Amino acid sequence: MLTTAQLQAFDTRGFLVLPKLATPEFCESLIRLAQQQLEAHAAPIEYETDTRYPGAPVSREAEGGQTARRLLQAYARDPAIAAWATGSALTTPLKQLLGPDALLSQAHHNCIMTKQPRYSTATGWHRDSRYWHFQRAELVSAWLALRQETVENGCLLVIPGSHQRVIEAGQLDDAQFLRTDLPQNQDLLTQAVAVPLAQGDVLLFHSNLFHAAGRNQTGSTKFSMVFTYRAADNPPAPGSRSASLPEKSL
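Our subject in this report is the structure included herewith. Just so we're clear, the structure is a prediction, and the values are computed from it rather than from any experiment.

## Here we look at the pairing of strand E3 (residues 68-72)
Here is step 1 of the chain: Burial analysis of E3 places four of its five residues in the buried class, the great majority of the element.
Here is step 2 of the chain: Looking at chain direction, E3 and strand E5 (residues 111-115) are connected through three bridges and run antiparallel. By the bridge assignment for E5, Arg70 is matched with Met113.

## Quick notes on the pattern of salt bridges
Here is step 1 of the chain: Scanning the entire structure with this criterion turns up 11 salt bridges.
Here is step 2 of the chain: Between Glu46 and Arg69 there is a salt bridge, and its shortest N-O distance comes to 3.7 Å. Of this pair, Glu46 sits in strand E2 (residues 45-47) while Arg69 sits in strand E3, placing them 23 residues apart in sequence. When sorted by exposure, Glu46 lands in the same class as Arg69, which is buried.
Here is step 3 of the chain: With a closest N to O distance of 3.5 Å, Arg165 and Asp187 form a salt bridge. Separated by 22 residues along the polypeptide, Arg165 in the loop between strand E8 (156-158) and helix H6 (186-189) and Asp187 in helix H6 bring together distant segments of the chain.
Here is step 4 of the chain: In this structure Arg165 comes out as partly exposed when scored by relative accessible area, which is 33%.
Here is step 5 of the chain: Residue Asp187 is classed as partly exposed on the basis of its relative accessible area, which comes to 40%.

## Some remarks on helix H5 (residues 88-98)
Since the α-helix advances by 3.6 residues per turn, residues separated by three or four positions end up pointing in the same direction.
Here is step 1 of the chain: Of all the positions in H5, only Leu90, Thr91, Pro93, Leu94 and Leu98 are classed as buried. The arc that holds every buried residue of H5, seen down its axis, measures 165°, which confines them to one face.
Here is step 2 of the chain: Gly99 occupies a position one or two residues after H5 and carries a positive phi of about 105°.

## A few points about the nonpolar core
Here is step 1 of the chain: Within the largest apolar cluster, 39 residues are counted, with the highest numbers of intra-cluster contacts made by Trp84, Ile112, Leu146, Leu204, Met225, Phe227 and Tyr229.
Here is step 2 of the chain: Broken down by element, this core gets its largest block of residues, seven residues, from helix H2 (residues 24-39).
Here is step 3 of the chain: With sequence-adjacent residues up to four places away left out, Leu204 is seen in contact with Phe10, Gly14, Phe15, Leu16, Leu18, Leu90, Pro93, Leu94, Leu97, Val140, Ser141 and Ala142.
Here is step 4 of the chain: Listed in part, the 14 residues of the second largest apolar core include Phe15, Trp143, Val158 and Leu197.

About the thresholds
- Residues numbered from 1 in each chain as written.
- Predicted model: local features only at pLDDT ≥ 70, side-chain atom pairs only at ≥ 80, totals over all residues.
- Heavy atoms only, no water.
- Buried < 20%, exposed > 50% of the residue type's maximum accessible area, 1.4 Å probe, protein only.
- Helix = DSSP H or I, 4+ residues; strand = E, 2+ residues; numbered from the N terminus.
- Pairing = 2+ DSSP bridges.
- Salt bridge = Lys/Arg side-chain N within 4 Å of Asp/Glu carboxyl O.
- Arc of directions from axis to C-beta.
- Core = buried A, V, L, I, M, F, W, Y, C linked by side-chain atoms within 4.5 Å.
- Contact = heavy atoms within 4.5 Å.

In short, geometric facts, not functional conclusions.
Below you can see the structure in the form of structure tokens.
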């Protein structure tokens, strides 16, 4: 159960770290599963080239073009993953934040992130809600570190409290990333902090929180698993991508 102080911290800062929510044994078992599925190219997979981010391979046929960014549809890949995503260790705090009838969205996140050396790309400052379509931009994502996450291997960076900031359209580029070249964004960007995680830690963060991540500059793949949840009274827009897959009760 989250304490009153933790609930207040999430409300104010837009994120919260829950240490050692998963065991090392569970994390290592998921890494082995992910490695097997990467070797088999078990679809669906998003490759770094698919992002078109700066520095990404130009095509799947180019050097580094087969570098996977994430294994999609994680919930359906293994019963152990589904059990984690809807298990009490994770859903008890989520229900405190979202209400007792919270739901897991299979349309967003729902993946094992596989940030690999050499060809991994940096992700600019963005809000996940920029391309989600729900009644309110008030979802919560749960990011599980399957290995240690550091600035060197591309841990998440966040801007505390930015989930409550009103951002004008001109402060964003065409892809809805926060423009780092604008003077009016500098006060926001200077507040950014890294969120290093130990294996088994979970980062809960608001869908309107600005976050980013650097490249993996180490020699080992960084594995993470992330799911997204909504309140019962915050449904996806009919016909949108957010409504494209059935949701799961907790």
